[in-house]
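# Observations on chain architecture
Read off the chains here:
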Amino acid sequence: MSEVQLTGIRKVYDGVSRPVIPDLDLTVPAGQMAVLVGPSGCGKSTTLRMVAGLEEPTAGTISIGGRDVTQLPPAERDIAMVFQSYALYPHMTVFENMAFGLRIQHRPEAEIRRRVMAAAESLGLEAYLERRPKALSGGQRQRVAIGRAVVREPKVFLFDEPLSNLDAKLRGDMRREIARIHRQSKTTSMYVTHDQIEAMTLADLIVVLKDGVIQQLGTPVDIYERPANRFVAGFFGTPSMNFLAADLMHAGERTSARGKGFEIPLVTRAALRPASAATAKLMIGIRPERLSLTPLGDDVAVSGEVAMREVLGAEIVLHVDSPAGSLTVRTDAASPARLGDTVKVWLDPMAVHLFDGTTELRLS
Ligand SMILES: Nc1ncnc2c1ncn2[C@@H]1O[C@H](COP(=O)(O)OP(=O)(O)OP(=O)(O)O)[C@@H](O)[C@H]1O
Ligand SMILES: [Mg+2]
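A few points on the structure. (Residues numbered from 1 in each chain as written. Chains lettered and ligands numbered in written order. Predicted model: local features only at pLDDT ≥ 70, side-chain atom pairs only at ≥ 80, totals over all residues. Heavy atoms only, no water.)

### A closer look at the side chain of serine 335
Rules: Only DSSP runs of H or I with at least four residues qualify as helices, and only runs of E with at least two residues qualify as strands; both kinds are numbered from the N terminus onward. Note on exposure labels: buried denotes an accessible area under 20% of the residue type's maximum, exposed denotes more than 50%, and partly exposed covers the range between, all computed with a 1.4 Å probe on protein chains only. Any two residues whose heavy atoms approach within 4.5 Å are treated as being in contact.
Relative to the helices and strands, serine 335 resides in the loop between strand S18 (325–332) and strand S19 (342–347). Judged by its relative accessible area of 9%, serine 335 is buried. When neighbours within four sequence positions are excluded, serine 335 is seen to be in contact with Leu293, Arg309 and Ile316.

Below you can see the structure in the form of structure tokens.
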């Protein structure tokens, strides 16, 4: 098991003045799976490609298992990469595609056979070993691409959106497959995805990037339950978290957040009290599943009108126009609320995330 360490990594592409990655420090502990997420163009693939040696950092060092690999060509880094476009060799059979990396390393034939057969068995590819890629489905091809990486038994796996060409069912199957391989091999991995379910279920560690800067690094539960700033809070979760502008108010011992059409008591948040100012700008965050159309035992509610109703099956998503802005409510499909209804949206003060209205950083 090998730790992957990026230190002071900067990447400026030729002919582009702004760095894609200004200054990145990231350690993926040995044996862990780090999942990189962030908006398109934030530098996820660039980061992976630098670890792979396909792209040279402008500054900084990359080490794998304590060895500085910054100047080493890809072949000497002992990594295996799986891309979205799996690029199998069309003229080779499945067996030869998987064996290729080992043949380059001049491994003995018996060992190649053993390793390819083991990977084929684990990925359910035994029946296809003599076929060529064009006679396989997309899902089977992606299995071969993963198998080709697995047989090499590298120090590090790098996955760049490996499942995004597959349909929903296959994605789920392959995701569980990758999770199983990771549990068994405990190979240090970096995995890029736009799929939140993949990120939440595969990651030991999620790295949220924006403009090449880490916004938060933490376990999936950390990221979801204690987002470090408004960006992370809005990025994770479907539909996205609601944000309401509010002022921090003090009246005697009572602290509350007051916005347009609502006031939320902040009983457990005494530490928020700013040293001097009587009020401060807040941004309240609350997830759609924590809003309800039936009272929650607290008297905090916002009134509004149902402007959109999306049926998702077991659940519905309501968009409610309120004085505080548009509120997204995820609730049971049995809810009687209809388009145009005036409703009260109840919110649980304990489910509220508080962000500084100016810096957008998490408070408390
Ligand atoms: N060879 C290149 N030359 C110049 N700019 C590049 C090059 N490769 C990537 N970029 C730019 O660097 C930025 C980061 O690209 P990168 O591919 O790392 O993004 P990403 O996070 O993987 O995005 P996506 O989610 O769309 O795959 C983008 O703005 C991209 O246009
Ligand atoms: Mg990319």
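### Concerning the site of ligand 1
Rule in force here: Only a single heavy atom is needed: when it lies within 4 Å of a molecule or strand, its residue is near that molecule or strand. Between N or O atoms, a polar contact is any pair within 3.5 Å; within protein, one atom must be a potential hydrogen donor and the other a potential acceptor, and residues adjacent in sequence are included only when both atoms are from side chains. Surface accessibility follows the Shrake-Rupley procedure with a 1.4 Å probe radius. Residue values consider only the protein chains on display as shielding. Residue polarity is assigned by list, with Asp, Glu, Lys and Arg as charged and Ala, Val, Leu, Ile, Met, Phe, Trp, Tyr, Cys and Pro as nonpolar; anything else, Gly included, falls into the polar class.
The environment of ligand 1 is made up of Tyr13, Val16, Val20, Ser40, Gly41, Cys42, Gly43, Lys44, Ser45, Thr46, Glu161 and His194. For ligand 1, an oxygen atom lies 2.8 Å from a polar atom in the backbone of glycine 41. Here an oxygen atom of ligand 1 and a side-chain polar atom of serine 45 are 2.8 Å apart. When ligand 1 is considered free in solution it has 640 Å² of accessible area, and contact with the protein chains removes 59% of it. Among the residues making up the shell around ligand 1, the classes are represented as four nonpolar, six polar and two charged.

### Here we look at the sheet that holds strand S3 (residues 33–37)
Sheets are built from strands that pair by backbone hydrogen bonding, the pairs being arranged parallel or antiparallel. This is how the line gets drawn: When DSSP locates at least two bridges between a pair of strands, those strands are taken to pair. To get an axis, a line is fitted to the C-alpha atoms, and for a helix only the part in contact is used. The angle between two axes follows their N-to-C directions and goes from 0 to 180 degrees.
If you walk across this open sheet you meet the six strands as S6-S7-S8-S3-S9-S10, and the pairing is mixed. Looking at which strands have only one partner, the edges of the open sheet turn out to be strand S6 (79–82) and strand S10 (213–218). The mean inter-strand angle of the sheet, taken between neighbouring strand axes irrespective of direction, is 15°. Direction of pairing for strand S9 (residues 205–210) relative to S10: antiparallel, over a ladder of five bridges. Looking at S10, one finds that valine 207 is bridged to leucine 217. The sheet contacts of helix H1 (residues 44–52) involve S3, S6, strand S7 (156–160), strand S8 (188–192) and S9, and relative to S7 the element is tilted by about 150°. In the packing of helix H4 (residues 138–150) onto the sheet, the strands contacted are S6 and S7, and the crossing angle to S6 comes to about 175°.

### Some points on the layout of surface pockets
The cut-off we apply is this: Space inside and on the surface of the protein is sampled on a 1 Å grid over the protein atoms alone, with a cavity defined as a set of points where a 1.4 Å probe fits but cannot get out and a pocket as an open set with protein on both sides within 12 Å along at least 5 of 7 lines; lining residues have an atom within 4 Å of a point. Grid points are joined across faces, edges and corners, and a volume is the space filled by probe spheres set on the points.
Within this model, the largest pocket holds a volume of roughly 670 Å³. Forming the walls of the largest pocket are 23 residues, and the residues nearest its centre are Ile79, Ala80, Met81, Gly101 and Arg152. Looking at the lining of the largest pocket, the elements that each hand over two or more residues are S6, helix H2 (94–104) and H4. Residues that form the lining of the largest pocket fall into these classes: 16 nonpolar, three polar and four charged. Ranked by the residues each element gives to the lining of the second largest pocket, the list is headed by helix H3 (residues 109–122), at five residues. In the lining of the second largest pocket, the residues fall into seven nonpolar, four polar and three charged.

Limitation: the analysis is restricted to geometry and does not speak to function.
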